[in-house]
Protein chains: 2
Amino acid sequence: MKVKLTISYDGTNYCGWQSQPNGNGVQKEIEKAIEKLTGEKVAVTGSGRTDAGVHAQGQVASFSIEKATIPAEKYFKALNTLLPEDIRVIKSQKVNEDFCAIKSAKQKTYEYTFYKSQVELPLKEKYQTKLSENLNVERIKECAKLFVGEHDFKCFCASGSSAKTTVRTIYEIKIKNSKTQLKILVSGNGFLYKMVRSLVGTLIACGEEKIGEKEIAEMLKTGKKHGIRTMPAKGLCLIKVKY
Amino acid sequence: MKVKLTISYDGTNYCGWQSQPNGNGVQKEIEKAIEKLTGEKVAVTGSGRTDAGVHAQGQVASFSIEKATIPAEKYFKALNTLLPEDIRVIKSQKVNEDFCAIKSAKQKTYEYTFYKSQVELPLKEKYQTKLSENLNVERIKECAKLFVGEHDFKCFCASGSSAKTTVRTIYEIKIKNSKTQLKILVSGNGFLYKMVRSLVGTLIACGEEKIGEKEIAEMLKTGKKHGIRTMPAKGLCLIKVKY
């Protein structure tokens with residue numbers, strides 16, 4: 001039986017979705033819980049890795065299990081009694097045998113959240129990044145349009161990536177601006193290592209009027225970097241994976 | 001010189017505003033930071049205690065300092081470099097010598113936040129309480145009206161309180177209900193030990209149709225308790241103190 005899980009986690013204490021030599025990943029915690037529950041050692045496949053400290057509202061994972069003694073839709077409750085409190089399975093369902101959380105994924109949406117304040121706010125600091133400058137939000141919106149479509153994002157990929165190609169398609173970038181918050185939502189067919197945080201950092205530089213459409217066009221076309229800041233992990237959340 | 005501080009904190013790791021034999025309070029951390037900064041041992045007075053685990057967006061405190069070498073409005077930045085990251089001073093200002101954070105306080109507003117979900121959501125769990133039942137929100141609104149005004153709240157005071165009188169005045173209770181959240185805002189001239197969390201627990205019991213206006217009227221009039229649940233500290237936040 002193939003089971004699809006929808007998972008939410010607070011990534012603060014994990015080295016990301018995947019385990020690393022220096023720490024535990026969310027994937028490993030889920031595999032351990034499934035083994036405790038069923039006695040079966042399974043490999044859980046995520047829709048993609050999230051980096052260390054990045055959060056998820058709707059990560060998706062799948063696994064195959066030989067014994068079908070527990071109905072797929074009952075897995076989430078049972079796993080939640082075995083998982084650490086910063087990881088919860090929101091939903092579990094039976095899927096076709098050819099379903100694969102990574103290969104079948106069509107669209108992923110990430111959200112980056114800033115709070116606006118001159119002073120660090122302890123009640124925001126866990127899941128948001130402070131923004132103390134007044135930004136040109138119209139310019140951010142204009143510059144964001146340049147990223148939409150199929151491009152070579154090699155400028156926006158941190159070293160250490162194992163990706164075969166740096167070409168990705170971005171479907172949409174939404175900017176939600178209010179008095180207290182700035183949210184940047186990015187949807188695409190997939191993302192490179194630290195790519196969303198680099199895109200967001202670039203858009204913030206645009207809002208600060210340090211770079212503009214010319215520099216972004218150049219980065220996408222020629223791969224020439226223009227001082228990109230990678231935003232901190234804690235403000236980033238994987239919202240949804242579409243299949 | 002008398003200085004007024006506006007403070008925000010994540011109360012998760014504190015035993016409340018005031019230190020207790022079993023743990024550190026937020027007040028002590030601020031006193032330690034002031035001593036490090038000025039070399040002077042001062043007593044910091046808060047607008048009131050917040051209980052263990054309760055958060056603050058706008059707690060107010062005051063203290064007297066002999067040396068006036070640092071201008072009052074510069075204290076916040078200097079203190080923030082010395083405070084633990086879950087406590088931040090938002091604002092500091094000079095006030096009249098007769099100002100006292102506790103005695104001069106006219107109105108306090110607390111907010112309690114629930115998220116609606118069948119499953120625990122790790123990204124909400126730190127500052128909100130899960131609500132999985134469908135509540136009768138109209139009934140909550142009707143019942144909330146009964147608390148407004150001057151009443152003897154002895155039914156809503158946990159044992160261990162040192163208050164001289166259990167009479168308090170509630171100015172307003174606001175209920176903000178959406179698809180994903182329920183927020184209860186309570187404003188009053190002061191609150192007893194665990195009083196807001198008991199009021200909120202009572203209103204939830206009203207929403208579950210376990211008790212109603214009759215039982216609340218009786219509790220306020222005769223002091224006869226009707227199975228009050230005290231809601232968890234983590235969902236509660238001191239929003240504002242008015243002077």
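Quick notes on the rules
- Residues numbered from 1 in each chain as written.
- Chains lettered and ligands numbered in written order.
- Predicted model: local features only at pLDDT ≥ 70, side-chain atom pairs only at ≥ 80, totals over all residues.
- Heavy atoms only, no water.
- Contact = heavy atoms within 4.5 Å.
- Buried area = accessible area lost by both parts, 1.4 Å probe.
- Salt bridge = Lys/Arg side-chain N within 4 Å of Asp/Glu carboxyl O.
- Helix = DSSP H or I, 4+ residues; strand = E, 2+ residues; numbered from the N terminus.
- Buried < 20%, exposed > 50% of the residue type's maximum accessible area, 1.4 Å probe, protein only.
- Pairing = 2+ DSSP bridges.
- Domains from an automatic or database assignment.
- Core = buried A, V, L, I, M, F, W, Y, C linked by side-chain atoms within 4.5 Å.
- Phe/Tyr/Trp six-rings, centres within 6.5 Å; stacked < 30°, edge-to-face > 60°.
- Axes fitted to C-alpha atoms, helices over the stretch in contact; angles between N-to-C directions.
- Parallel < 35°, antiparallel > 145°, perpendicular 65-115°, else oblique.
- Left-handed = near helix turned anticlockwise from the far one by under 90°.
- Nonpolar A, V, L, I, M, F, W, Y, C, P; charged D, E, K, R; others polar.

**Describing the interface of chain A and chain B**
(1) Moving on: Listed by partner, the interface residues are 22 residues for chain A and 22 residues for chain B.
(2) Moving on: Area buried by chain A at its contact with chain B is led by Val119(A), Pro122(A) and Leu123(A), which between them contribute 42% of it.
(3) Moving on: As a salt-bridge pair, Arg88(B) and Glu120(A) come within 3.2 Å of each other at their nearest N and O atoms.
(4) Moving on: The set of elements that each furnish at least two residues to the side of chain A that touches chain B consists of strand E1 (2–9), strand E3 (55–64), helix H2 (75–80) and strand E4 (87–95) of chain A.
(5) Moving on: Broken down by element, the side of chain A that touches chain B gets its largest block of residues, 4 residues, from E4(A).

**Quick look at the pairing of strand E9 (residues 181–188) of chain B**
Residue and element names in this part refer to chain B.
(1) Moving on: In terms of burial, E9 is a largely internal element, 7 of the 8 residues being buried.
(2) Moving on: Sheet topology note: the strand E5 (residues 107–116)/E9 ladder contains 8 bridges and is antiparallel. Pairing of Thr-109 across the sheet is with Ser-187, part of E9.
(3) Moving on: Taken together, strand E8 (residues 167–177) and the strand that follows it, E9, pair antiparallel across an intervening segment of 3 residues.

**Considerations on the pattern of salt bridges**
(1) Moving on: Across all of its chains, the model carries 22 salt bridges over all chains by this definition.
(2) Moving on: A salt bridge links Glu142(B) to Lys145(B); its shortest N-O distance comes to 3.2 Å. With Glu142(B) and Lys145(B) both in helix H3 (residues 137–145), this residue pair falls 3 residues apart, about one helical turn.
(3) Moving on: Exposure remark for Glu142(B): the relative accessible area of 35% places this residue in the partly exposed category.
(4) Moving on: By relative accessible area, which is 54% here, Lys145(B) ends up exposed.
(5) Moving on: Overlapping salt bridges bring together Glu208(A), Lys210(A) and Arg229(A) as one network.

**Here's the deal with the domain arrangement of chain A**
All names here are of chain A.
(1) Moving on: The domain architecture assigned to chain A consists of domain 1 (2–95) and domain 2 (107–242).
(2) Moving on: Once you take the C-alpha centre of each, domain 1 and domain 2 turn out to be 27 Å apart.
(3) Moving on: The interface is formed by 16 residues belonging to domain 1 together with 16 residues belonging to domain 2.
(4) Moving on: At the boundary of domain 1 with domain 2, total buried surface from both sides reaches about 1200 Å², with 51% on carbon and sulfur atoms.
(5) Moving on: Where domain 1 meets domain 2, there are 1 salt bridge.

**Digging into unusual backbone geometry**
(1) Moving on: One non-glycine residue with positive phi stands out, namely Glu209(A), at about 60°.
(2) Moving on: Looking at where Glu209(A) falls in the secondary structure, it is placed in the loop between helix H4 (195–207) and helix H5 (213–222).

**Quick word on the nonpolar core**
Note that soluble globular proteins tend to have their nonpolar side chains buried in a common cluster.
(1) Moving on: Residues Ile30(A) and Phe147(A) are the most contacted members of the largest nonpolar core, which totals 71 residues.
(2) Moving on: Top contributing element to this core by residue count: H4(A), with 8 residues.
(3) Moving on: Mapped onto the domain boundaries, this core takes at least three residues apiece from domain 1 (2–95) and domain 2 (107–242) of chain A.
(4) Moving on: Not counting chain neighbours up to four residues away, the residues in contact with Ile30(A) comprise Leu5(A), Ile7(A), Trp17(A), Val44(A), Leu83(A) and Ile87(A).
(5) Moving on: Membership of the second largest hydrophobic core comes to 70 residues, among which are Met1(B), Met195(B), Val200(B) and Ile204(B).

**Section: the packing of aromatic side chains**
Residues and elements named next belong to chain B.
(1) Moving on: All chains considered together, the criterion is met by 16 aromatic pairs over all chains.
(2) Moving on: Here the aromatic rings of Tyr-110 and Phe-191 are separated by 5.5 Å at their centres, their planes lie at 85°, and the arrangement is edge-to-face. Placement of Tyr-110 in strand E5 and of Phe-191 in the loop between E9 and helix H4 (195–207) is noted, with a sequence separation of 81 residues between them.
(3) Moving on: The buried category is assigned to Tyr-110, whose relative accessible area is 7%.

**Remarks on the packing of H3(B) against H4(B)**
Residue and element names in this part refer to chain B.
(1) Moving on: The geometry of H3 relative to H4 is characterised by a closest axis approach of 8 Å and an angle of 135° between their N-to-C directions. With respect to H4, the element H3 is oriented oblique. Handedness of the H3/H4 crossing: right-handed. Here Arg-139, Ile-140, Cys-143 and Ala-144 of H3 lie close against H4, whose contacting residues are Leu-203, Cys-206 and Gly-207.
(2) Moving on: Taken together, the residues of the contact of H3 with H4 sort by class into 5 nonpolar, 1 polar and 1 charged.

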